[in-house]
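Listed here are the chains, written in short residue letters.
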Amino acid sequence: MRGAGLVAGATSLALTTALVLAPAASAAPGDRPGAAPTTKAPATRKPAPKKTSEPKQQQAPSGGQCNKPSGQPASAITQQPWAQRRLDFEQAWPITRGAGVTVAVVDSGIEAAHPQLKGKITGSFDATHTTPTDCYGHGTEVAGIIAASDQRRRNVPFVGVAPQAKLLDAKFTTGESTDDNTLLPKAIEWAAEHGANVINVSARAPDTTLLRQAVQVAKKNDVLIVAAAGNVDKDERGKESAGYPANYPGVLSVAAVDQSGTISDFSNHKTRIDVSAPGQDIISTVGTGYIGGQQGTSFSAPYAAGVAALVRSRYPKLTYQQVINRILITAEGGNGQGSGYGMISPLQAVSAVLDANAKPGEASAARPLSGPVPIAHPAPVDHRTRNIGLGIAGGALGLTVLVAFGGAVIPMGRRRGWKPGRIPALPTGEDRD
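Owing to the predicted nature of the structure, the values given are computational and were not obtained by experimental measurement.

A.B. asks: I would appreciate a short explanation of the confidence of the model for the protein in the present structure.
C.D. replies: When pLDDT is low, close inspection of the predicted coordinates is not appropriate. Mean pLDDT over the protein stands at 79; residues scoring 70 or higher make up 68%. Segment residues 15-63 is flagged for pLDDT under 50; beyond a separation of four residues in sequence, or across chains, it makes 119 contacts in the model. Long-range and interchain partners of residues 429-433, a stretch whose pLDDT sits below 50, account for one contact in this model, where long-range means more than four residues apart.

A.B. asks: How should the sheet that holds strand E8 (residues 252-257) be read in this particular structure?
C.D. replies: Sheet strands pair by backbone hydrogen bonding; their relative direction is either parallel or antiparallel. In space, the seven strands of this open sheet follow the order E3-E4-E2-E5-E7-E8-E9, with parallel pairing throughout. Of all strands in the sheet, those bounded by a partner on one side alone are strand E3 (121-126) and strand E9 (275-278). Taking the axes of each pair of neighbouring strands and ignoring which way they run, one obtains an average angle of 25° across the sheet.

A.B. asks: What am I meant to see in the pairing of E8 here?
C.D. replies: Regular strands show a simple pattern: their side chains alternate between the two faces of the sheet. Most of E8 is tucked away, with six of its six residues classed as buried. One ladder, built from three bridges, connects strand E7 (residues 224-228) with E8; its direction is parallel. Following the sheet pairing, valine 226 is matched in E8 by leucine 252. Both E8 and E9 contribute to a ladder of four bridges, which runs parallel. From the neighbouring strand, alanine 255 faces E9, where its bridge partner is serine 276.

A.B. asks: Explanation requested: the packing of aromatic side chains in the structure shown.
C.D. replies: The geometry of an aromatic ring pair comes down to the distance between the two centres and the angle between the two planes. Applying the stated rule across the entire model yields four aromatic pairs. A ring pair is formed by phenylalanine 125 and tryptophan 190, whose centres lie 5.4 Å apart and whose planes are at 15°; its orientation type is stacked. Of this pair, phenylalanine 125 sits in strand E3 while tryptophan 190 sits in helix H3 (residues 183-192), and the two are 65 residues apart along the sequence. The partly exposed category is assigned to phenylalanine 125, whose relative accessible area is 25%. On the basis of relative accessibility, which here comes to 13%, the residue tryptophan 190 falls in the buried class. Note on phenylalanine 158 and tyrosine 290: the rings are 6.4 Å apart at their centroids and 65° apart in plane angle, and the pair reads as edge-to-face. In this pair, phenylalanine 158 sits in the loop between helix H2 (138-147) and strand E4 (166-171) while tyrosine 290 sits in strand E11 (residues 289-294), placing the two residues 132 residues apart along the sequence. Judged on exposure class, the residue phenylalanine 158 and its partner tyrosine 290 are both buried. Geometry around tyrosine 315 places arginine 314 over its ring, the cationic atom sitting 4.8 Å from the centre.

Rules used throughout
- Residues numbered from 1 in each chain as written.
- Predicted model: local features only at pLDDT ≥ 70, side-chain atom pairs only at ≥ 80, totals over all residues.
- Heavy atoms only, no water.
- pLDDT = per-residue confidence, 0-100.
- Contact = heavy atoms within 4.5 Å.
- Pairing = 2+ DSSP bridges.
- Helix = DSSP H or I, 4+ residues; strand = E, 2+ residues; numbered from the N terminus.
- Axes fitted to C-alpha atoms, helices over the stretch in contact; angles between N-to-C directions.
- Buried < 20%, exposed > 50% of the residue type's maximum accessible area, 1.4 Å probe, protein only.
- Phe/Tyr/Trp six-rings, centres within 6.5 Å; stacked < 30°, edge-to-face > 60°.
- Lys NZ or Arg CZ within 6 Å of the ring centre and 35° of its normal.

And the structure:
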């Protein structure tokens, strides 16, 4: 099931209404038909309706109280999430796990008490002036995909793409709609000026002067912005408009795909697309637990942001644009409208041998194989040359045999004066045993 997108006067989280972990008996609404549930049933939360109204800006109650989601225990995750299996980013970990890189999560906040996010937040900013707590849960979900620590030894199958990366918590929304389009630019600028190497924006906003200026500040500080392309409801398909900051040049724009690798029907095609990443049936961190069945380009963007963190850790001298180029060049190849250069490839992004100044589309830009392996056809046989070679080899062999024969026979002939030899007499019967 996919939510309404929470259009915020025009700033909106590019997400779906939160889905809980699916019951074992039946898949949660919106799960891919036929897919086996990977999680256990929730205790209390129910799936949200397909349609939601556009509520007004909701401020946190006095005293900083909020009804933040708690999530399900790690034991509810019964197998490794499909997105991890598909991207297989653990193959890149022998090269880098994102150490030395800071990723800003410009969102609804981050739950610092989550076991896989403890100690990762190096700075916080609250543009909403409500509470630094993630009362909505969306920011914590995004943060987990990017940098959740590796706790598989504790039987936690879920891990982040760059588990050694640090996080900046730049809160600009409470998860409800608002007409204030100044909050997102403020959060982006703060992150760009406070040590972020990568900024994840899982939100869709209108093109405004302040937002353009905030993106320029990030670029001047050599900060790479990764942004969700945005979601579109079925009844809005064909009427959608481009989402920002994803549509700005120099921003890595990310679309969503399902488990088959097909572009999700909700992924915004009007936004300029660079790459795609998993965005359906996603499991991630929320509260101090976990949530499953999530859908939206909101969850595709952090997978790409995690890969960007790996690349910036492996190649710290590359500029933000060079990092983007590397991610585009090493992507798996386009897969229809709205897929850009195709699915991100974490291992190729950190290991491919590329010129630092290589650009997508250049003949010199090496690309990983994304289709059938080309096999070179053998050269035509040169029969004349082959026959000459066989003749020479045969002659050499005959000459060798003749020389060997002569070397054995000639000395014997000389000893007998070239007289014929005698045949040895057979033994008589008396001589036999």
